[in-house]
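# Topology and contacts: notes
Residue strings, one per chain:
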Amino acid sequence: MTDADDPAQVDPQLFDPQLVDPPLFDPVAPILAKKDGAELTDDQIRGMVAGFTAGRVAPEQMSSLLMAIVLQGMTRREIATWTAAMIDSGVRMDFSGLTRGGRRLRTADKHSTGGVGDKVTLPLTPLVASFGVAVPQLSGRGLGHTGGTLDKLESILGWRAELSVDQMQRQLTEVGAMVCAATADLAPADRKLYALRDVTGTVASIPLIASSIMSKKIAEGTQSLVLDVKVGSGAFMKTLDGARELAETMVALGAEAGVVTSALLTDMSTPLGRSAGNAVEVAESLEVLSGGGPADVVELTLALAREMLEASGLPDVDPADHLRNGRAMDAWRAMIAAQGGDPDAPLPVPRHTHEVTARDDGHLTSLDALAVGQAAWLLGAGRTKPGEAVSATAGVTWHVGIGDSVRRGQPLLTLHTDDETRIPAALEALRDATGVGEADARSDLRSRVLERVPFRRG
Ligand code: URA
């Protein structure tokens, strides 16, 4: 052995202790094993996840393993170990000790796999909290065409997304409703892995999506969780079979970790409600909280609220009551004010709008969710890389729903933006987004909720 082979003799400037400590783990073995379709051992999974998080496993090694997982899949045991390794990379929050008026508060949360026009977290969080359940909604910012909840709420004057753990505990105790940014120490392995998956074509994998979502939700410490798994052109999962497998995998992971978890599979072939963007989605959420709003947003909000309330021991209450009598709106106002926002401030308005009109008479037969999402993103509502600013005013609104009759020349969509130069690209994205033709008699009776995967206890 030469001096240069002995770590103790190596120039300290060149010596990276992370590369040699611990020295016994070989990242190439799990890559080769998964490439050949073998099941990884718990030690291999933990070694890869912990090693990548700490910088001992190189990004090119992890991206090789990720691609092998995309192609070969993982067993339920592998997924559970991968999820546990990501949880163990950071802290686990604990809201189990929260009390109000001497009574222990139950916690319930919801996660959506992301869809165009999906603003349901905004009315749902205060609605469930108005029944005395604490909702610790730790959210993210959007990347790509599906906007982030925090980006939407930041269009409210003064509202801030960052809360310390003490502030979270206080807000949950006093108000019950909270939507805030996840702290950096919550499943940091997922943050690093997701960034790598995003640039290596390895996002679309049921084991990787399930473990990514559930590691964050289990680490968040909620007692119960409802998952809204979207299906259709505007969603990750394009088929019902794929969405069902994802939902069942996540429900099992939740149950094994002691979180009472259920899932709804919901339709995302057309965008939800009548708006996609930031301030425009807040405005629509306020309509729902005022007892109005588009029927599909109300339906989905109530269906998810019933799941959360049932999981929290309140199966017999009717959440629709609190949309009608203003109690959900009161909880919204308290939630916004607690995070520095002014619930009475007018929402920002765009400098430019542009209407898209119907080319024919008939009925609206299609409105493609992906195209609408891309148009909203091109208008400035989303970002192309993490950390980029988004425009509060950018978005798309549509004035007719599937099955509604339309007349040639009638406005179908309105584009909203502060930057007029973005409009042509958005129009191009929308070129084939709408269909006008013969009415489908059943279209207005269709429910957004396609299937339910019920609670499983661990
Ligand atoms: N959302 C997540 O948090 N992770 C994924 O992998 C996909 C969607």
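Conventions adopted
Residues numbered from 1 in each chain as written. Predicted model: local features only at pLDDT ≥ 70, side-chain atom pairs only at ≥ 80, totals over all residues. Heavy atoms only, no water. Helix = DSSP H or I, 4+ residues; strand = E, 2+ residues; numbered from the N terminus. Rg over C-alpha atoms; globule rule 2.2 N^0.38 Å. Buried < 20%, exposed > 50% of the residue type's maximum accessible area, 1.4 Å probe, protein only. Contact = heavy atoms within 4.5 Å. Areas by Shrake-Rupley, 256 points an atom, 1.4 Å probe, with all protein chains shown as cover. Phe/Tyr/Trp six-rings, centres within 6.5 Å; stacked < 30°, edge-to-face > 60°. Lys NZ or Arg CZ within 6 Å of the ring centre and 35° of its normal. Pairing = 2+ DSSP bridges. Domains from an automatic or database assignment. Buried area = accessible area lost by both parts, 1.4 Å probe. Salt bridge = Lys/Arg side-chain N within 4 Å of Asp/Glu carboxyl O. Polar contact = N/O pair within 3.5 Å; in protein donor to acceptor, adjacent residues only side chain to side chain. Nonpolar A, V, L, I, M, F, W, Y, C, P; charged D, E, K, R; others polar. Expected span 1.5 Å × (residues − 1). Axes fitted to C-alpha atoms, helices over the stretch in contact; angles between N-to-C directions. Near = heavy atom within 4 Å. Parallel < 35°, antiparallel > 145°, perpendicular 65-115°, else oblique. Left-handed = near helix turned anticlockwise from the far one by under 90°.

### Considerations on the overall build of the protein chain
- Summing up its helical and strand segments, the protein chain has 17 helices and 15 strands in all.
- A globule of 458 residues ought to have a C-alpha radius of gyration of about 23 Å, and the protein chain, at 23 Å, matches this closely.
- Referenced to the eigenvectors of the C-alpha coordinate spread, the extents of the protein chain come out at roughly 85 × 55 × 40 Å.
- By the burial criterion, 51% of the 458 residues in the protein chain qualify as buried.
- If you take every contact in the protein chain between residues at least 6 apart in sequence, the share linking residues at least 24 apart comes to 78%.
- Carbon and sulfur atoms provide 52% of the accessible area of the protein chain, an area that totals close to 19,700 Å².

### Here we look at the packing of aromatic side chains
- Applying the stated criterion to the full structure yields zero aromatic pairs.
- In this arrangement the basic side chain of Lys-192 is found over the ring face of Phe-52, its NZ or CZ atom lying 4.8 Å from the centre.
- Across from the ring centre of Phe-455, 5.5 Å away, lies the NZ or CZ of Arg-452, which sits over that ring.

### Observations regarding the sheet that holds strand β10 (residues 362-367)
- A sheet is described by the order of its strands in space; here three strands give the open sequence β12-β10-β14, paired in antiparallel fashion. Whereas interior strands pair on both sides, the edge strands pair on one side only; in this sheet they are β12 (405-406) and β14 (434-437).
- Looking at chain direction, β10 and β14 are connected through four bridges and run antiparallel. Residue His-363 lies in a different strand from β14, and its bridge partner there is Gly-437.

### Some points on the domain arrangement of the protein chain
- The assigned domain composition of the protein chain is domain 1 (17-87), domain 2 (99-345) and domain 3 (352-443).
- Placing the centre of domain 1 and that of domain 2 at their C-alpha centroids yields a distance of 30 Å.
- The interface of domain 1 with domain 2 comprises 20 residues on the first partner and 25 residues on the second.
- At the boundary of domain 1 with domain 2, total buried surface from both sides reaches about 1,900 Å², with 80% on carbon and sulfur atoms.
- Taken together, domain 1 and domain 2 are joined by zero salt bridges.
- Across the contact surface, domain 1 and domain 2 share one residue pair in polar contact (both at pLDDT 80 or more).
- Looking at the side of domain 1 that touches domain 2, the elements that each hand over two or more residues are α3 (42-54), α4 (59-72) and α5 (76-87).
- Broken down by class, the residue content of the side of domain 1 that touches domain 2 amounts to 14 nonpolar, five polar and one charged.

### Section: the pattern of salt bridges
- Applying the stated criterion across every chain yields a total of 24 salt bridges.
- Here Lys-34 makes a salt bridge to Glu-78, at a shortest N to O gap of 3.0 Å. Of the two residues, Lys-34 is situated in helix α2 (residues 28-35) and Glu-78 in helix α5; the sequence distance between them amounts to 44 residues.
- Using a relative accessible area of 2% as the deciding quantity, one classes Lys-34 as buried.
- Judged by its relative accessible area of 1%, Glu-78 is buried.
- Of the charged contacts in the structure, one is a salt bridge between Lys-152 and Glu-281, with a shortest N-O distance of 3.0 Å. With Lys-152 in helix α7 (residues 149-153) and Glu-281 in helix α12 (residues 279-289), the pair connects residues that are 129 residues apart, well separated along the chain.
- For Lys-152, a relative accessible area of 2% puts it in the buried group.
- Each of the salt bridges in this network shares a partner with another, and the network as a whole consists of Glu-39, Asp-42 and Arg-77.

### Some words on helix α10 (residues 206-220)
- Along its 15 residues, α10 runs 21 Å from first to last C-alpha, staying within 8% of the 21 Å computed at 1.5 Å per residue.
- Across the 15 residues of α10, 14 count as buried, placing the element largely inside the fold.

### Structural notes on the sheet that holds strand β8 (residues 275-277)
- Here we have four strands laid out as an open sheet, ordered β8-β11-β13-β9, and antiparallel in their pairing. Of all strands in the sheet, those bounded by a partner on one side alone are β8 and β9 (352-357). Across the sheet, the axes of successive neighbouring strands diverge by a mean angle of 15 degrees, strand direction being ignored.
- The pairing of β9 with strand β13 (residues 411-417) spans six bridges and is classified as antiparallel. Within β13, the position partnered with His-354 by the bridge is Leu-415.
- Running at roughly 140 degrees to β8, α12 makes contact with β8, β11 (395-398) and β13 of the sheet.

### Considering the site of the ligand
- For the ligand, the full set of nearby residues is Tyr-194, Arg-197, Ile-209, Ser-212, Ile-213, Lys-216 and Phe-236.
- In this structure, an oxygen atom belonging to the ligand sits 2.9 Å away from a side-chain N or O atom of Arg-197.
- Separating an oxygen atom of the ligand from a side-chain N or O atom of Lys-216 is a distance of 2.5 Å.
- Relative to its unbound accessible surface of 240 Å², the ligand loses 89% to contact with the protein.

### Describing the packing of α12 against helix α15 (residues 327-338)
- At a minimum axis separation of 8 Å, α12 and α15 run at an interaxial angle of 140 degrees. Considering the angle they form, α12 stands oblique to α15. Here α12 contributes Val-282, Leu-286 and Leu-289 to the contact with α15, which in turn contributes Ala-328, Met-329 and Trp-332.
- Partitioned by chemical class, the residues of the contact of α12 with α15 number six nonpolar, no polar and no charged.

### Some thoughts on the packing of helix α6 (residues 121-129) against helix α13 (residues 295-311)
- For the pair α6 and α13, interaxial distance at closest approach is 10 Å and the crossing angle is 40 degrees. As the angle between them shows, α6 and α13 are arranged oblique. The crossing of α6 and α13 is right-handed. Taken together, the residues of α13 that come into contact with α6 (itself represented by Pro-123, Leu-124, Leu-127 and Val-128) are Thr-301, Leu-302, Leu-304, Ala-305, Met-308 and Leu-309.
- The class makeup of the residues in the contact of α6 with α13 is nine nonpolar, one polar and no charged.

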